[in-house]
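So the chains spell out like this:
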Amino acid sequence: MGILFVDNGEVRTFDLNGSSTIGRDGTNDIIVKHPTVSRTHARINSDKGGQFFLTDFSSRNGTRINGRAVAPNGEPLQNGARLRIGHVRAWFYLKMPEKLPRSLSNRDAGVVFNCACGQRLWSATDTAGMSVVCNNCNQNVEDPRSSEDDDDASGKVTGAQLDVEAADATNICGICQWPIDAHEASHVCPACNMPSHQECWMENLGCSTYGCSQVNALVPKVRPAEPVLGAGPEPFPEIIPEPVEAKSLAWGHMLLGLSVVASLLGLVAFGIPSAVLALVALIRLLTTRDKDRPVLTAAVLIAVLGAAAGVMISRLWWLGKPLFSGFE
């Protein structure tokens, strides 16, 4: 089993056993969130004899072992090997070392040089010979230093002909990796204390540090639009009855109730109230919609029966005639 130390602002430890892929994408075994690391960047695997090998998957910013680019068919890893995955430092050990490798938590001063298009670029102190992607022309620009100039122990580089002097480590923008001049407006992240240009902070909509609470802090929080009267369908239209239907439904039930009352009154009024109500209900039945017809039909029948019963009962009550006399 091997151990891989990855320093991406903080040192993280990964156990290596079998085959482990390295990259920016979340599907990798070792996830390194850094813009210079490809989605699937490299792989570390071991053979039956316990020898570990590092293979680069044709990544954009390359993979290095002790300052040398990894061959296409992979290279063996020795105990204490110093790796560079994109621009992220890493160390390989067969077992836990007594002394941990130097961390990049305090970013080194690095070096600044010019692209052919005139854009100024920044590179860490120990990335000699590696390429940097220009934000202006989107081309890979090789660090003007040679790998022999790299001295990881001291953090110093000699013999390199650079266009601009190295920047102060405390004034490197954490977003564009470019020095923050004294006359430029700057911003310090309130969560992780990362310095940046004010313009970079605004364009990035917050911090660029992975896991920081200020990532996308300036993204506007969109509230749901309030409904505007007259715009679009009214809420819950299915429970709002149409005025015409509500009126018809009220007429049908009202006439049904009145037919019962008229039938009772018609018992002592020779059925006249029921007859009048039957006539009104019949007219309504002939002029209304089909779905109101059952209620109105019942009202007409009750009123007709009430009128007939009223005639017979009133003759008996007022005239003293038998119920069915005079109908034969």
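Structure first, text after, so check above.
Residues numbered from 1 in each chain as written. Predicted model: local features only at pLDDT ≥ 70, side-chain atom pairs only at ≥ 80, totals over all residues. Heavy atoms only, no water.

Counting its secondary structure elements, the protein chain contains 4 helices and 17 strands. Scored against the burial criterion, the 328 residues of the protein chain give a buried share of 36%. Relative to all contacts within the protein chain whose residues are 6 or more apart in sequence, the contacts with residues 24 or more apart total 40%. Working note: accessible area of the protein chain is about 19800 Å², and carbon and sulfur atoms make up 57% of it. (Helix = DSSP H or I, 4+ residues; strand = E, 2+ residues; numbered from the N terminus. Buried < 20%, exposed > 50% of the residue type's maximum accessible area, 1.4 Å probe, protein only. Contact = heavy atoms within 4.5 Å. Areas by Shrake-Rupley, 256 points an atom, 1.4 Å probe, with all protein chains shown as cover.)

Spatially, the 5 strands line up as an open sheet ordered 4-3-5-6-9, and their pairing is mixed. Here the strands that pair on one side only, and so sit at the sheet edges, are strand 4 (30–31) and strand 9 (75–77). Where strand 6 (residues 52–56) meets strand 9, 3 bridges bridge the pair, whose relative direction is antiparallel. Across the sheet, residue Leu54 finds its bridge partner in strand 9, namely Glu75. (Pairing = 2+ DSSP bridges.)

Located in the positive-phi region is Ser58, a residue other than glycine, with phi close to 50 degrees. Residue position: Ser58 is located in the loop between strand 6 and strand 7 (63–65). Note on Ser58: relative accessible area 71%, which makes it exposed. Despite not being glycine, Asn66 has its phi angle at roughly 50 degrees, a positive value. Along the chain, the position of Asn66 falls in the loop between strand 7 and strand 8 (68–69).

You can see Gln214 is positioned in the loop between helix 1 (198–203) and helix 2 (243–266). Of the residues examined, Gln214 reaches a relative accessible area of 22% and is grouped as partly exposed. With 23 residues separating them along the chain, Gln214 and Ala191 place their C-alpha atoms 6.6 Å apart. Once residues lying within four places of it in the same chain are set aside, the contact partners of Gln214 are Cys189, Pro190, Ala191, Trp201, Leu205, Gly206 and Cys207.

A separate point is the side chain of Thr63. Mapped onto the fold, Thr63 is located in strand 7. With a relative accessible area of 4%, Thr63 lands in the buried category. A distance of 2.5 Å separates a polar atom in the side chain of Thr63 from a polar atom in the side chain of Asp56. Filtering out sequence-adjacent residues up to four positions away, Thr63 remains in contact with His41, Ala42, Leu54, Asp56, Arg68, Ala69, Val70 and Arg84. (Polar contact = N/O pair within 3.5 Å; in protein donor to acceptor, adjacent residues only side chain to side chain.)

Another point: the sheet that holds strand 2 (residues 11–16). Judged by pairing direction, the sheet is antiparallel, and its 6 strands sit side by side in the order 2-1-11-10-7-8 without closing on themselves. Unpaired on one side and paired on the other, strand 2 and strand 8 mark the two borders of the sheet. Note: strand 10 (residues 81–85) against strand 11 (residues 88–93), 5 bridges, orientation antiparallel. Note on strand 11: the bridge partner recorded for Ala81 is Phe92.

With that out of the way, let us pick up the packing of aromatic side chains. Here the structure, examined in full by the defined rule, presents 2 aromatic pairs. For the pair Phe52 and Phe92, a centre-to-centre distance of 5.2 Å together with 55 degrees between the ring planes defines the contact as tilted. Pair noted here: Phe52 is in strand 6 and Phe92 is in strand 11, with a separation of 40 residues, a long-range link. Phe92 matches Phe52 in its accessibility class, with the two residues each being buried. (Phe/Tyr/Trp six-rings, centres within 6.5 Å; stacked < 30°, edge-to-face > 60°.)

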